[in-house]
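In case you want the letters, here they are:
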Amino acid sequence: MKSLLEQYRTQIVPELRKQFGFTNNLQVPRVTKVTLNSGTGKALVNEKLLEVVVNTLTRISGQRPIRTKARQSISAFKIREGLVVGVAVTLRGKRMYHFLEKLINIALPRVRDFQGIDPKSVDPSGNLTIGFKEHTVFPEIRSDEVESIHGLQVIITTSAKTKAEGLALLTAMGIPFKKNQA
């Protein structure tokens, strides 16, 4: 079985070149980065939860996440400026393609009642955002070790110029989208 990067170079690029009439391989859209985010709003009360989220994102991505801080104070949410409100990881290169393979082949099929990703999740620039309510769908997380369940967001950023190009790229890579129900 070919890796996703090899498949992109040998099958997807010629297919998209033909479909959109690109004259050069560098015009073909590609995935530039994958970002994983997780909010830690409950960590304001329970400090241990922040470390749990950091450890799970490290295991899922293979990279240490950065801690994102609040830019301004919001009294209604008891947030002060500079307080850690989330963690994020940006993947590029080989780690990115390895994560995408894991996402497409293992994590998405393990989501309960999964019917496919809505094509409306692709923005006008061709980027895809997927939200997970539970982080336990990833193979690195063993369900018997889970202390608390938290969600995370996966953002796949492409170099596509339009939504159609981004949708064609992501579909060719194997991301399962819902079929149009007419």
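Our subject is the structure listed above.
Residues numbered from 1 in each chain as written. Predicted model: local features only at pLDDT ≥ 70, side-chain atom pairs only at ≥ 80, totals over all residues. Heavy atoms only, no water.

Undergrad: Describe the nonpolar core, naming the residues involved and giving the relevant values.
TA: Note that soluble globular proteins tend to have their nonpolar side chains buried in a common cluster. Ranked by size, the top nonpolar core spans 45 residues in total, and within it V34, L36, L103 and I156 carry the most contacts. Per-element tally for this core: the top contributor is helix α3 (residues 93-110), with 8 residues. Those residues in contact with L103 that lie beyond four places of it in its chain are L108, P109, I130, F132, F138, V154 and I156. (Core = buried A, V, L, I, M, F, W, Y, C linked by side-chain atoms within 4.5 Å. Buried < 20%, exposed > 50% of the residue type's maximum accessible area, 1.4 Å probe, protein only. Helix = DSSP H or I, 4+ residues; strand = E, 2+ residues; numbered from the N terminus. Contact = heavy atoms within 4.5 Å.)

Undergrad: Which residues make up the packing of aromatic side chains, and what are the values?
TA: Counting across every chain of the model gives 3 aromatic pairs. Among the aromatic residues, those joined into a cluster by ring pairs are F99, F132 and F138. (Phe/Tyr/Trp six-rings, centres within 6.5 Å; stacked < 30°, edge-to-face > 60°.)

Undergrad: Which residues make up the layout of surface pockets, and what values do they have?
TA: Computed from the structure, the largest pocket encloses a volume of approximately 290 Å³. For the largest pocket, the full set of lining residues is L108, R110, V111, R112, F114, I117, I130, G131, F132, K133, E134 and V137. Of all the secondary-structure elements, those providing two or more residues to the lining of the largest pocket are α3 and β4 (128-132). Looking at the lining of the largest pocket, the element that brings in the most residues is β4, giving 3 residues. Of the residues in the lining of the largest pocket, the class split is 7 nonpolar, 1 polar and 4 charged. In this model, the second largest pocket occupies a volume close to 160 Å³. Considering the residues around the second largest pocket, the lining is formed by 10 residues, among which V52, T56, R59, E145 and E147 are closest to the centre. Residues belonging to the lining of the second largest pocket are distributed by class as follows: 3 nonpolar, 3 polar and 4 charged. (1 Å grid on protein atoms, 1.4 Å probe; cavity = no way out; pocket = protein on both sides within 12 Å on 5 of 7 lines; lining within 4 Å. Points joined across faces, edges and corners; volume = space filled by probe spheres on them. Nonpolar A, V, L, I, M, F, W, Y, C, P; charged D, E, K, R; others polar.)

Undergrad: Can you break down the environment of F22 residue by residue, with the values?
TA: Tracing the backbone shows F22 in the loop between α1 (4-20) and β1 (31-39). A relative accessible area of 15% places F22 in the buried class. If near-sequence neighbours (up to four positions away) are discounted, F22 is found in contact with L16, R17, Q27, V28, P29 and E165.

Undergrad: Could you give me a rundown of helix α2 (residues 47-61), with the residues and numbers involved?
TA: Note that an α-helix has 3.6 residues per turn; residues three or four places apart therefore point the same way. The first and last C-alpha atoms of α2 sit 22 Å apart over 15 residues, in line with the 21 Å expected at 1.5 Å per residue. Within the sequence span of α2, burial applies to L49, L50, V52, V53, V54, T56, L57, I60 and S61. Elements that come into contact with the buried residues of α2 comprise β1, β2 (66-69), β3 (84-91), α3 and β5 (152-158). A positive phi of about 80° marks G62, the residue just after α2. (Expected span 1.5 Å × (residues − 1).)

Undergrad: So, the packing of α1 against helix α4 (residues 163-173): which residues are in play, and what are the values?
TA: Where α1 meets α4, the closest approach of the two axes is 10 Å, and the angle between their N-to-C directions is 140°. The angle between α1 and α4 places the two elements in the oblique class. Viewed along their axes, α1 and α4 form a crossing whose handedness is right-handed. Seen from α1, the contacting residues are L4, Q7, Y8, I12, E15, L16, Q19 and F20; seen from α4, they are A164, E165, A168, L169, A172 and M173. (Axes fitted to C-alpha atoms, helices over the stretch in contact; angles between N-to-C directions. Parallel < 35°, antiparallel > 145°, perpendicular 65-115°, else oblique. Left-handed = near helix turned anticlockwise from the far one by under 90°.)

Undergrad: How would you sum up the packing of α1 against α3? Please name residues and give values.
TA: Between α1 and α3, the shortest axis-to-axis distance is 8 Å and the interhelical angle comes to 95°. Comparing the axis directions of α1 and α3 gives the class roughly perpendicular. Along its contact with α1, which presents L4, L5 and Y8, the element α3 presents Y97, L100, E101 and I104. Looking at side-chain class alone, the contact of α1 with α3 contains 6 nonpolar, no polar and 1 charged residues.

Undergrad: Any chance you could break down the pairing of β3 for me, citing the residues and the numbers?
TA: Pairing of β1 with β3, which is carried by 6 bridges, proceeds in the antiparallel orientation. In the strand pairing of β3, N37 is matched with A88. For β2 and β3, the ladder comprises 4 bridges, and the chain directions are antiparallel. For T68, the partnering residue across the bridge sits in β3 and is G86. (Pairing = 2+ DSSP bridges.)

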